[in-house]
Amino acid sequence: MTKILIVDDEVNIREVVKEYAKVSGFECMEASDGLKAIELVEENDFDCVILDIMMPELDGFSACKKIKKIKNVPIIMLSARQEENDKLFCFEMGVDDYVTKPFSPKELVARIKAVSERHKNQQVLAYNYNGLKIDINARDVYIDDEKIMMTPKEMDLLIYLVQNKNIALSREKILRAVWKYDYYGDDRTVDTHIKMLRHSLGKYRDHIVTVRGMGYKFEI
C-alpha cells in the first residue's frame with residue numbers, strides 16, 4: 001500500500017487530499033507544519049510527501065532540505081506561488097514535482113502515483129535470489145557469481161518478469177511491454193524467448209513458471 005504524508009497548515013487542503021488519496025487506496029498521515037513533518041519522516045517510511053511551501057514553524061523549502069537529508073523520499077511541493085524561480089529552486093533541491101494551488105485532487109493523486117512508482121523502479125536496480133543476481137542498471141546477470149550472456153531481448157524479457165515478480169502476465173501483455181507494440185498475430189514469439197531465457201538461467205529456470213492458458217510469471 002502506498003503511504004503518503006500530507007503537510008499543509010490548511011486543514012481543508014489536507015482533508016481534500018486525504019479524501020481522494022484514500023479512495024485510491026493510499027494510507028495517509030498528516031502534519032500542519034514543517035517541524036512535525038520532519039518528525040514523522042524520521043519515524044515512518046513514506047512513498048511520497050506532499051509539502052506546502054508557506055507554513056508556520058518551518059516553511060516548505062527548509063523542511064524539504066531537512067527531509068532530503070534524512071531519507072530519500074519523493075516530494076511533491078504544493079504552493080499558491082507560480083513564479084518560475086520558486087519552481088526552479090524546488091527542482092534544484094531535488095523535488096520530484098511542483099503543483100500550484102488551486103489544484104485538481106484527481107490530478108494530484110495521479111502525480112503521486114507516477115512519482116511513487118518512478119521512485120520505486122529507480123530504487124530497485126538489482127535483484128538477488130540466492131545465486132541468481134540481476135543488475136538492471138548494468139543489464140548483467142550472474143549465476144553463482146559467474147556472468148552469463150543473454151540476447152538483448154532475453155534481458156528485456158527477464159527484467160520485465162522480475163519487476164513484476166509473482167504476477168501472472170499474459171502473452172499479450174508481455175508482448176506490449178517488451179516488444180513495445182500491440183501484437184495481434186502469432187504470440188508464439190513469447191514462448192520461444194521464454195524457452196531461450198530458461199535455457200540461459202540454467203538451474204534457476206524454474207523461477208519462470210508457466211501459467212496455463214494465460215502466460216508466465218517470475219515466481220519467488
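In case you missed it, the structure is sitting above this.
A short tour of the structure in this document, coming up. Keep in mind the model is a prediction, meaning the values are calculated, not measured.

Let's talk about the packing of helix H6 (residues 152-163) against helix H7 (residues 171-178)
- Look at H6 against H7: their axes get within 10 Å of each other, and the N-to-C directions meet at 120°. Taken together, the axis directions place H6 and H7 in an arrangement best described as oblique. Here the hand of the crossing between H6 and H7 comes out right-handed. Between H6, through Lys 153, Asp 156, Leu 157, Tyr 160 and Leu 161, and H7, the contact on the second element is made entirely by Lys 173, Ile 174, Ala 177 and Val 178.
- Of the residues assigned to the contact of H6 with H7, the class counts are six nonpolar, no polar and three charged.

A word on the environment of Pro 74
- Considering the arrangement of structural elements, one finds Pro 74 in the loop between helix H3 (60-70) and strand S4 (75-79).
- When the C-alpha positions of Pro 74 and Ile 50 are compared, they lie 8.7 Å apart, and in sequence the two are 24 residues distant.
- Every residue in contact with Pro 74, bar those within four places of it in the chain, is listed here: Asp 47, Cys 48, Val 49, Asp 96, Val 115 and His 119.

Details of the pairing of strand S3 (residues 48-52)
- Most of S3 sits inside the fold, with five of its five residues counted as buried.
- Of the two faces of S3, the one carrying Cys 48, Ile 50 and Asp 52 and the one carrying Val 49 and Leu 51 are both buried.
- Taken together, the four bridges between strand S1 (residues 3-7) and S3 define a ladder with parallel strand orientation. By the bridge assignment, Ile 4 is partnered in S3 with Cys 48.
- Here S3 runs beside S4; their pairing, made up of four bridges, is parallel. Opposite Leu 51, over in S4, you have Met 77 as the bridge partner.

Reading guide: rules and limits
- Residues numbered from 1 in each chain as written.
- Predicted model: local features only at pLDDT ≥ 70, side-chain atom pairs only at ≥ 80, totals over all residues.
- Heavy atoms only, no water.
- Axes fitted to C-alpha atoms, helices over the stretch in contact; angles between N-to-C directions.
- Helix = DSSP H or I, 4+ residues; strand = E, 2+ residues; numbered from the N terminus.
- Parallel < 35°, antiparallel > 145°, perpendicular 65-115°, else oblique.
- Left-handed = near helix turned anticlockwise from the far one by under 90°.
- Contact = heavy atoms within 4.5 Å.
- Nonpolar A, V, L, I, M, F, W, Y, C, P; charged D, E, K, R; others polar.
- Buried < 20%, exposed > 50% of the residue type's maximum accessible area, 1.4 Å probe, protein only.
- Pairing = 2+ DSSP bridges.

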